[in-house]
Amino acid sequence: MASLLYLKGMKEMIDKKWIGTTTEWISTKVTRKEVQEFCTVIGEENLLYQNITVAKEAGYADIPLPPTYPILFWQSIELPWLTDDFTMLQSDQSFSYEHTLIANKTYHCQIQLQKLRTQSNQQFIVHRLSIDDGDGLAATSDTTMVLRYQEE
Amino acid sequence: MDYVNEKIVIEITANLVKQYAAVSGDTNPIHLLKSVANQAGFPNPVAHGMLTMAIGAKVISPLLQDGWRLSYYKMRFSSPLFVNDVLTIETKLLSSASQEVILKIRGENQHWDTVVSGKIDLIIQN
């Protein structure tokens, strides 16, 4: 469990009362340029992500978002149970898709604290990002993190 | 399944991590500064797990252009990947049917230590 994810966090353990709590919905729209910038960084050269004609020939209404792109939506969402700067370990990540997400479409997103388990000076936290395309749930993304606290 | 990019080998450079930090908004200094990584007990800055997962997804992009749609993609981050490490990602076909393909994905560093492992589930577009 060693990958780090920098988030807003708490110096004190998260209270289990937050389990099940969801954030406010936020709306977001990704541009084709943002997709292309992301793909340039990760070295994704498939024209599917660069060329609208190729994307449409492949059956998409617009340029598709790369599979892990939705993790960037976290940056726009405030989590009230995470209030101070903190570093967490990310242990697992998953994306489940009902529909492929595409550029230039508005999505509504929220995060729920789904599970919280405390073991000694560690907390294991599962968050679910839900992404709605206006017609229903298009995708979800589960992020499992480990928060380690210093012994006093 | 002839189109799967079965193997990806990439050096995790400081510049790559810096660029991913910029595009993702995850600018934790532990990803960017050797001094901060050293303080945390790491030999070099730690690459974002989500960078590794994003690179791993490249194995399926030819399929996503060929009628297949991603249904599920999961990854477990079992060991840290550091700047200057060489990441090798390989996939293996777990099962294949007319409407669904499941791949196993695994990433290792230059010391053959597993850094990530997971599963990719693809379905054919109706």
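Residues numbered from 1 in each chain as written. Chains lettered and ligands numbered in written order. Predicted model: local features only at pLDDT ≥ 70, side-chain atom pairs only at ≥ 80, totals over all residues. Heavy atoms only, no water.

S.K.: Help me understand the overall build of chain A in this model?
M.R.: A tally of regular secondary structure across chain A gives two helices and six strands. Going residue by residue from the N terminus, the α and β elements of chain A occur as β-β-α-α-β-β-β-β. Taken across its 152 residues, chain A has 54% of its residues classed as buried. Relative to all contacts within chain A whose residues are 6 or more apart in sequence, the contacts with residues 24 or more apart total 73%. By element, 45% of the accessible surface of chain A is carried by carbon and sulfur atoms, the whole surface being about 7,200 Å². (Helix = DSSP H or I, 4+ residues; strand = E, 2+ residues; numbered from the N terminus. Buried < 20%, exposed > 50% of the residue type's maximum accessible area, 1.4 Å probe, protein only. Contact = heavy atoms within 4.5 Å. Areas by Shrake-Rupley, 256 points an atom, 1.4 Å probe, with all protein chains shown as cover.)

S.K.: Help me understand the interface of chain B and chain A, please; the structure alone is not making it clear to me.
M.R.: A common way to express how large an interface is: the accessible area buried when the components associate. The partner chain A presents 34 residues to the 41 residues of chain B that form the contact. Taken together, the two surfaces of chain B and chain A that pack against each other cover about 3,100 Å², and 57% of this comes from carbon and sulfur. The three residues of chain B that bury the most area against chain A are Met50, Gln65 and Phe77 of chain B, which together make up 18% of that side's buried surface. Counting the contacts that link chain B with chain A gives two salt bridges. The shortest N-O distance in the salt bridge between Arg76 of chain B and Asp92 of chain A comes to 2.7 Å. For the interface between chain B and chain A, the tally reads 14 residue pairs in polar contact (both at pLDDT 80 or more). Elements with a contribution of two residues or more to the side of chain B that touches chain A: helix H1 (14–24), helix H2 (29–32), helix H4 (49–56), helix H5 (61–64) and strand S2 (68–77) of chain B. Here the side of chain B that touches chain A takes 10 residues from S2 of chain B, the largest share from any one element. Looking at the side of chain B that touches chain A, its residues break down into 23 nonpolar, 13 polar and five charged. (Buried area = accessible area lost by both parts, 1.4 Å probe. Salt bridge = Lys/Arg side-chain N within 4 Å of Asp/Glu carboxyl O. Polar contact = N/O pair within 3.5 Å; in protein donor to acceptor, adjacent residues only side chain to side chain. Nonpolar A, V, L, I, M, F, W, Y, C, P; charged D, E, K, R; others polar.)

S.K.: Explanation requested: the pairing of strand S6 (residues 137–148) of chain A in the structure shown.
M.R.: Successive side chains on a regular strand alternate, one facing one side of the sheet and the next facing the other. The buried count for S6 of chain A comes to 10 of 12 residues, which makes it a mostly enclosed element. Counting the residues between successive antiparallel strands, the hairpin from strand S5 (residues 122–132) of chain A to S6 of chain A contains four residues, one of them, Gly134 of chain A, with a positive phi of roughly 100°. (Pairing = 2+ DSSP bridges.)

S.K.: Quick question: what am I supposed to make of the confidence of the model for chain B here?
M.R.: Predicted coordinates in areas of low pLDDT are best not read in detail. With 95% of its residues at a pLDDT of at least 70, chain B reaches an overall mean of 93. For this predicted complex, the interface score ipTM comes out at 0.94, alongside a pTM of 0.92. (pLDDT = per-residue confidence, 0-100.)

S.K.: I keep staring at the environment of Ile131 of chain A and nothing clicks. Help me out?
M.R.: Here Ile131 of chain A is to be found in strand S5. Along the primary structure Ile131 of chain A and Tyr97 of chain A are separated by 34 residues, whereas in three dimensions their C-alpha atoms are 9.5 Å apart.

S.K.: Help me understand the packing of H1 of chain B against H4 of chain B in this model?
M.R.: Two quantities define a packed helix pair, namely the angle between the axes and the distance from one axis to the other. Residue and element names in this part refer to chain B. At a minimum axis separation of 10 Å, H1 and H4 run at an interaxial angle of 95°. With respect to H4, the axis of H1 lies roughly perpendicular. Touching Leu16, Val17 and Tyr20 of H1 are Met50, Leu51 and Ile55, all from H4. Classifying every residue of the contact of H1 with H4 gives six nonpolar, no polar and no charged. (Axes fitted to C-alpha atoms, helices over the stretch in contact; angles between N-to-C directions. Parallel < 35°, antiparallel > 145°, perpendicular 65-115°, else oblique.)

S.K.: How should the environment of Gln93 of chain A be read in this particular structure?
M.R.: Tracing the backbone shows Gln93 of chain A in strand S3 (residues 84–97). Gln93 of chain A sits in the buried class, given a relative accessible area of 0%. In this structure the C-alpha to C-alpha distance between Gln93 of chain A and Ser27 of chain A, which are 66 residues apart in sequence, comes to 22 Å. Setting aside residues up to four positions removed in sequence, Gln93 of chain A forms contacts with Ile71, Ser141, Asp142 and Thr143 of chain A together with Met50, Met53, Tyr73, Lys74, Met75 and Phe77 of chain B.

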